[in-house]
Amino acid sequence: MAQADIDEGLYSRQLYVIDHDAMRRMGKADVLIAGMRGLGVEIAKNVILAGVRSVTIQDEGVVQWRDLSSQFYLKEADLGQNRALCSEKQLSSLNVYVRVSAWTNKLDEDFLSKFQVVVLTNSPLEEQLHVGAFCHSNNIKFIVADTRGLCGQLFCDFGESFEVRDTNGETPVSAMIAHISKDNPGIVTCTDEESHEFTDGMFVNFSEIQGMTELNSYGPIEIKVRGSYSFSICDTSNFSEYVKGGVVTEVKQSEILSFVTIRDPGLVEMTDYGKTQRHLSLHLAFQALHRFTQKYSRAPHPRSQAGAEELVAITKELCKDAKFDELDEDAVRQLSLVASGDLAPVSAFIGGLAAQEVVKACSGKFTPLRQWLYFDALECLPQENDGVLSEDACAPRDSRYDGQISVFGSAFQDKLKKQNYFLVGAGAIGCELLKNFALIGLGAGEGGNITVTDMDSIERSNLNRQFLFHSKDIGRLKSEVAAESVKEMNPYMNITAHQNRVCPETEEVYTHSFYSNLDGVAAALDNVDARVYLDQCCVRNKKPMLEGGTLGSKGHTLVVVPHLTESYGPSTSGGQKAIPICTLKNFPHRIEHTLQWARDQFEGLFKQTAENVNNFLSDPTFVDRTVARGDVEAVEILEGVYRILGEEWPQNWADCVSWARRQWETLYNNQIKQLLHCFPRDQVTSSGLPFWMGAKRCPDPLTFDTNNTTHMDFIVAAANLYGQIYGITGSRNRADIQSILQGIKVPEFTPKSSVKIAVTDQELKEENEERKEEDKVKLEMLKEKLSKLQLKDQSFRMHPQEFEKDDDSNFHMDYIVATSNLRAENYNIPTADRHKSKLIAGRIIPAIATTTAAIAGLMCLELYKLVQGHQKITSYRNAYINLATQYFVLSQFICFIITSFHMYSEKSVLKLERHSCEMFSSNLRFIYNFIKINNAYGIYSKKLFYTLMED
């Protein structure tokens, strides 16, 4: 698959998680997924959305009642029919680029040899051993996934030599250099703008160093961190003296991993460090279950005490062979009691993880699981004071909920049906939650209801992960289509679709009476402010809230229980760290700076000024209201209005091109010449150091060239956008535009000695204070000029441009990319392609279906506890996961209280006021870095009070 063949409109959000090269490798992979119960279809759905070449689904079995508890593509009318055939059509509709086929025969070696990845779900041990041995010897990636009630199992074998091309998927770390010593080893000191993010053992490259130029051509160098702003490298004692400048950038290193077969004992990955012993016990208990099933041709009966004791006895025998003497017998008993169950949330979680392993196997991206993983949510079971479930209460009833009733009993199912829940958001997580709600029967009975609200319409980029939507739904409202889709999954669902934003303006809709009729709220939102407001509503109305979010392969869940847990908490600051104004205006040193500058140019030229003009033309009080905002801001706004309605008003398309050409000269030549006039290349500071060093990159003016593609990209985009705000039709014909450009005379520019340029934001503030009197005079002149303006057409209004990153025909991203890259060229900053520019300037949140499914599954496990009314705080879990590196932290609200978590301070400190334990230090650092990084996108809480798991 060539890069041009990757449908960026469809895969746009996923491509920021899995890069183009990894996507091309995935596009060559054929995947077999055996078993089409709930777990198998969950894996298939996620893998198909991810975009492999083909997926074959295999199942010899027929649809049973219990399958409907977790298999969202099966209906009551399918009972008795083959599961794979019943699922094929709907799975095929998820992604037109993935070939989906069904296979209903047994798995033989000839058939298995057709695939690069084989996944077995809910399969017998004998089959796992046979298929696993064949795959290992034939270099076929092999995955086993299984769920038993509230427990799950995952195994990976990617062969004896598997190359991981990128272990974590993170953007390579980089920093500006302040100094490099001549020593053995040499010490690199970074600028003190912010602490570096390098770690021991990383490899780095150097560039743009002046003086010690030997490092610019040196191969990747391993580093050792010395402090927050320094690290050591190789022997530099024989290199030239360092003068100034330089950038150090991480070089990603591939790794070769070796896996053992499923027959051999392997490593067990922890998902909950409070259950270490339990997971080791489950490793043997799952094997015991296979022996039990082989003996009786069934799993232990639901809530059967005899079956539980027999499973414990079998597990003890296995413990002797494994020389394991710390068996958690209670965990084995509980596994036996629920083993016949089939729960949608557990399938969603394990299915998300398993599908991510398929993505790793196909792409070589991210670190695979090595090699066993166990998960349980046995704390979801009824608490002691709720009584003991009987075999009769959990017996099958020929109901679509049989797989769930076998775990929780029929009374709990009736309670689920009567629930009234409010789901805010019908995007990626919202779709997954609604699917789970339909499968578990939430609000699907008399008196029950789900209210879902989302004001957005469906876009093509949504289809890659919001699986309830299809191409035919583009343009329709998300909440309406989502409601229709889940009604197809479960016709008994009671669901109401709204299209409202939940905010102070809709409090007449979402009143105290509305909340008082709810049993709980689920938040599937993508920004902090909305989460904070919804949390406040829940606190005020004493309603529990389930909350979750994702960022690429990372995700988190939070459960808020009235009078029991901490709430989501207030937002204390903006999500994204602000870039200093002076950095943006005159001293950029990262592509993020030039992209933000380009976005500011777009907003100012094509949106805000046009809106100000329309307000001026329609509101007689506009000038007075603007003046009340302060002289500095008023002058800027009114100058823009007068300029747009006066001297810069284009009469035709040629005038738009002329404006764009003059704009180019101002931005990329004149302003740079003025900056260098104020601060010459050889300028020194008061301390005798070069002015242009460290984070201050000395710029170069550009010379316009019609043969330069980027120069013309700017002219075409800027001229068209300028024409659009005036209602003038533009053109993409570059030959015609070049012809117009030949007749344009650009005035010569001479730098002015009277111009002052602020170096810091504080200096800028002081200059604004000094200009107060000058601004007052300007303001009066502008008021007079505007009062005399006469428009020929009194009905004239401008057309402000609302930035839209996903429409490639509107010139918005064309302008952003060209404007930013020309600025980067000025300052010798590496440019960014359209893909990366869209991520940064469009503030896109990377997303992939696997993480979304896993997070929604964890949220619904907490829902089980809320509906039962669990009152023990130790029952609840908050989760932090990273599927790229198989890192999981499921934390309880007890034992460790982090009372200070300053995620925006570069010298952040974690204070543990109660017990401390060395084994958790890496987990804390993971959570800290994870939330800190993700807060840059404004999707995570600024203040977290949570607790870690009980040993």
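Residues numbered from 1 in each chain as written. Predicted model: local features only at pLDDT ≥ 70, side-chain atom pairs only at ≥ 80, totals over all residues. Heavy atoms only, no water.

1. Remarks on the packing of aromatic side chains
Argument step 1. Under the defined criterion, the tally for this structure stands at 45 aromatic pairs.
Argument step 2. Judged by centre distance (4.5 Å) and plane angle (5°), the rings of Phe 679 and Phe 691 are stacked. Separated by 12 residues along the polypeptide, Phe 679 in the loop between helix H21 (653-678) and helix H22 (709-726) and Phe 691 in the loop between H21 and H22 bring together distant segments of the chain. Here the two residues Phe 679 and Phe 691 agree in accessibility, since each one is buried.
Argument step 3. It is Arg 370 that lies over the ring of Phe 259; its NZ or CZ is 5.8 Å from the centre.
Argument step 4. Its guanidinium or amino end placed over the ring of Trp 597, Arg 823 lies 4.2 Å from that ring's centre, counting from NZ or CZ. (Phe/Tyr/Trp six-rings, centres within 6.5 Å; stacked < 30°, edge-to-face > 60°. Helix = DSSP H or I, 4+ residues; strand = E, 2+ residues; numbered from the N terminus. Buried < 20%, exposed > 50% of the residue type's maximum accessible area, 1.4 Å probe, protein only. Lys NZ or Arg CZ within 6 Å of the ring centre and 35° of its normal.)

2. Overview of the side chain of Ser 363
Argument step 1. Relative to the assigned elements, Ser 363 resides in helix H10 (residues 344-363).
Argument step 2. Polar contacts involving the side chain of Ser 363 include one to the main-chain amide nitrogen of Lys 365, which spans 3.1 Å.
Argument step 3. In contact with Ser 363, not counting residues within four places along its chain, are Ala 22, Arg 25, Met 26 and Arg 165. (Polar contact = N/O pair within 3.5 Å; in protein donor to acceptor, adjacent residues only side chain to side chain. Contact = heavy atoms within 4.5 Å.)

3. Thoughts on the packing of helix H18 (residues 591-618) against H22
Helix-helix packing is characterised by the crossing angle of the two axes and by the distance between the axes.
Argument step 1. Direction vectors running N to C along H18 and H22 enclose 30°, while the axes themselves pass 9 Å from each other. The pairing of H18 with H22 is recorded here as roughly parallel in orientation. Each of Phe 602, Leu 605 and Phe 606 in H18 lies in contact with H22, whose residues at this interface are Ala 718, Leu 721, Tyr 722 and Ile 725.
Argument step 2. Per-class residue counts for the contact of H18 with H22 are seven nonpolar, no polar and no charged. (Axes fitted to C-alpha atoms, helices over the stretch in contact; angles between N-to-C directions. Parallel < 35°, antiparallel > 145°, perpendicular 65-115°, else oblique. Nonpolar A, V, L, I, M, F, W, Y, C, P; charged D, E, K, R; others polar.)

4. Brief notes about the pairing of strand S10 (residues 203-207)
Argument step 1. Going residue by residue along S10, you find Val 204 and Phe 206 tucked away on one face and Phe 203, Asn 205 and Ser 207 left uncovered on the opposite face.
Argument step 2. Sheet analysis places S10 next to strand S14 (residues 247-250), joined by four bridges and oriented antiparallel. Bridge pairing in S14 links Asn 205 to Thr 249. (Pairing = 2+ DSSP bridges.)

5. A word on the packing of helix H3 (residues 38-50) against H10
Argument step 1. Interhelical geometry of H3 versus H10 gives an angle of 45° and a closest axis separation of 8 Å. When the axes of H3 and H10 are compared, the pair comes out oblique. By crossing handedness, the relation of H3 to H10 is classed as right-handed. Of H10, the residues touching H3 (which contributes Gly 38, Leu 39, Glu 42, Ile 43, Asn 46, Val 47 and Ala 50) are Ser 347, Ala 348, Ile 350, Gly 351, Gly 352, Ala 354, Ala 355, Val 358 and Val 359. (Left-handed = near helix turned anticlockwise from the far one by under 90°.)

6. Observations regarding the UniProt feature "transmembrane region" (unreviewed entry) in the protein
Argument step 1. According to UniProt, the feature "transmembrane region" (unreviewed entry) maps to residues 844-867 and 879-904 in the numbering used here.
Argument step 2. Within the segment residues 844-867, helix and strand shares are 79% and 0% respectively, and the terminal C-alpha atoms sit 35 Å apart. (UniProt positions renumbered as here; feature names shortened; annotations may be inferred.)

7. Looking at the pattern of salt bridges
Argument step 1. Under the counting rule described, the total for this entry stands at 46 salt bridges.
Argument step 2. Lys 316 is the partner of Glu 329 in a salt bridge, and the nearest nitrogen-oxygen pair spans 3.2 Å. Of the two residues, Glu 329 sits in helix H9 (residues 329-338) while Lys 316 sits in helix H8 (residues 305-322), which places them 13 residues apart along the sequence.
Argument step 3. Between Glu 379 and Arg 877 there is a salt bridge, with its nearest N and O atoms 4.0 Å apart. Taken together, the residues Glu 379 in the loop between strand S17 (372-376) and helix H11 (402-408) and Arg 877 in the loop between helix H28 (849-868) and strand S24 (878-882) connect sequence positions 498 residues apart.
Argument step 4. Accessibility expressed as a relative area gives 16% for Glu 379, which makes it buried.
Argument step 5. Among the residues examined, Arg 877 registers a relative accessible area of 6% and is labelled buried. (Salt bridge = Lys/Arg side-chain N within 4 Å of Asp/Glu carboxyl O.)

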